[in-house]
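Fold and contact review
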Amino acid sequence: MTGTRVSPQRGLLAHLGSWLVAGAIIGWVVLYALLRVAGDSPNDAAAPALIGALLGAAAAAGVVYWARSVEAAGRPIGRRRIRKADPARMSARDRELVRFVWPVLFGAAAIAALIALALLVHFFGIHGARPKSVLLMVIWDLVIAAWLFDEGQRVREFVFEGLDSLYFGCLLTMVLASIGISRSVVSGGQVILIVAAGVAAAAIGVLSWRMGAGRVVPVAAIVGVAVAAVCLIAPLMA
C-alpha cells in the first residue's frame, strides 16, 4: 500500500451523522410497526412514525456523546475501536481480509442503489394513492448505498472508524427489505438486497473481530447471517 493516499479519520460530526441516520430510521421503523400492530393502515402510520425518527435520532446523539466522553476519559466501552491500521504492521491474512471486504461493500452499495431505482419505478407505476412507505424505502436504500460506498473506500485505505454504525445500518436494511417482501413490493429485489446486506454485515463483523484481536468467535458476523435468514423466512410465515 506504499504511496496510497489515506483518508483523514472521521471527527465527531461524521461519526454523529452516521448514528443519527441509523437512529432516525430505527426509531421510525419501531413506531411504524407499533402503529401497524395497533391497527393503523400503512399510509396512516407512516407520517406519525416520524416522531419515532426524531426520538431515535435524539437517542443516537446521546449514545454517541456518552461513548465519546467515556472513551476520552480512557475507559472505552467494550473492545477498543480500531480507527486506522498500518498495513505494514498487519499480518498477510488480515491484509487479504481487507482486500476481500471493500469489494463486498462496493457490491452491496451497487445492489442497494439498483433496488432503490426499482422501487422508484414501482412507486411511480402505482395507480391511485401511492404509499409513503415505499418512498421511504427508496430514500433509505439510497442512503445505505452511499454509506456502503463511502465506508468501502475507507476500508480500502485501512480506515475502519465507521464500520460499527454501518453494521447496524446493514441489519436495518435487511429488516426494511423483509417488510417490503411481506407487502409484495419488488419482492425479488428485496430478497437480493437482504442477501447483499447480510454478506456485507458478516464481512464487517469478521473484519471488526480481526481488527479488535478477537479470540473466540466473530459474534457480529454470526448475528448478521442469522438476521438475514430470519428476514428471508419471516415473510413466508406471515
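We now turn to the structure provided with this report. (Residues numbered from 1 in each chain as written. Predicted model: local features only at pLDDT ≥ 70, side-chain atom pairs only at ≥ 80, totals over all residues. Heavy atoms only, no water.)

On a plain count of helices and strands, the protein comes out with eight helices and zero strands. Going residue by residue from the N terminus, the α and β elements of the protein occur as α-α-α-α-α-α-α-α. When the 238 residues of the protein are sorted by exposure, 42% land in the buried category. In the protein, once contacts between residues fewer than 6 apart in sequence are set aside, the share between residues at least 24 apart is 73%. Accessible surface, the protein as shown: approximately 12,100 Å² in total, 70% of it carbon and sulfur. (Helix = DSSP H or I, 4+ residues; strand = E, 2+ residues; numbered from the N terminus. Buried < 20%, exposed > 50% of the residue type's maximum accessible area, 1.4 Å probe, protein only. Contact = heavy atoms within 4.5 Å. Areas by Shrake-Rupley, 256 points an atom, 1.4 Å probe, with all protein chains shown as cover.)

What the rule picks out here adds up to three salt bridges. For E96, the salt bridge identified is with R99, shortest N-O distance 3.2 Å. Of this pair, E96 and R99 both sit in helix α4 (residues 92–124), three residues apart, roughly one helical turn. For the salt bridge of D150 with R154, the shortest nitrogen-to-oxygen distance reads 3.9 Å. Taken together, the positions of D150 and R154, both in helix α5 (residues 132–156) and four residues apart, correspond to about one turn of that helix. (Salt bridge = Lys/Arg side-chain N within 4 Å of Asp/Glu carboxyl O.)

What follows is about the side chain of D141. Checked against the element boundaries, D141 lands in helix α5. R183 provides the closest opposite charge to the buried, unpaired D141, separated from it by 13 Å. If near-sequence neighbours (up to four positions away) are discounted, D141 is found in contact with A112, I115, A116, L119, T173 and L193. (Lys, Arg positive; Asp, Glu negative; His and termini not counted.)

Okay, the side chain of Q190 next. Mapping Q190 onto the fold places it in helix α7 (residues 187–211). Judged by relative accessible area, which is 1%, Q190 ranks as buried. Polar contacts involving the side chain of Q190 include one to the main-chain carbonyl oxygen of V185, which spans 3.3 Å. For Q190, the contacting residues outside a window of four places in its chain are I115, L119, M137, A177, G180, I181 and V185. (Polar contact = N/O pair within 3.5 Å; in protein donor to acceptor, adjacent residues only side chain to side chain.)

Here we take up a nonpolar patch on the surface. Together, V216, V217, V219, I222 and V223 give the surface a local cluster of nonpolar side chains, amounting to about 450 Å² of exposed area. Its location among the elements puts V217 in the loop between α7 and α8 (219–237). Judged by relative accessible area, V217 falls into the partly exposed class, the value being 42%. (Patch = residues over 30% accessible without salt bridge, like charges linked within 9 Å, V, L, I, M, F, W, Y side chains within 5 Å.)

Counted at 1.5 Å a residue, the expected span for α5 with its 25 residues is 36 Å, and the 36 Å between its end C-alpha atoms agrees. Downstream of α5 by one or two residues, F158 has phi in the positive range, about 65°. (Expected span 1.5 Å × (residues − 1).)

As a further point, take the environment of V219. Within the element layout of this structure, V219 appears in helix α8. The sequence separation of V219 and G205 amounts to 14 residues, and the corresponding C-alpha distance is 7.3 Å.

This brings us to the nonpolar core. Within the largest apolar cluster, 58 residues are counted, with the highest numbers of intra-cluster contacts made by L105, L148, F160, L166 and L207. Residue contributions to this core peak at 12 residues, all from α4. (Core = buried A, V, L, I, M, F, W, Y, C linked by side-chain atoms within 4.5 Å.)

All right, on to the environment of F124 then. Among the secondary structure elements, F124 is positioned in helix α4. For F124 and L135, which are 11 residues apart along the polypeptide, the C-alpha to C-alpha distance reads 9.7 Å.

Such coordinate-based values are descriptive only and should not be taken to indicate function.
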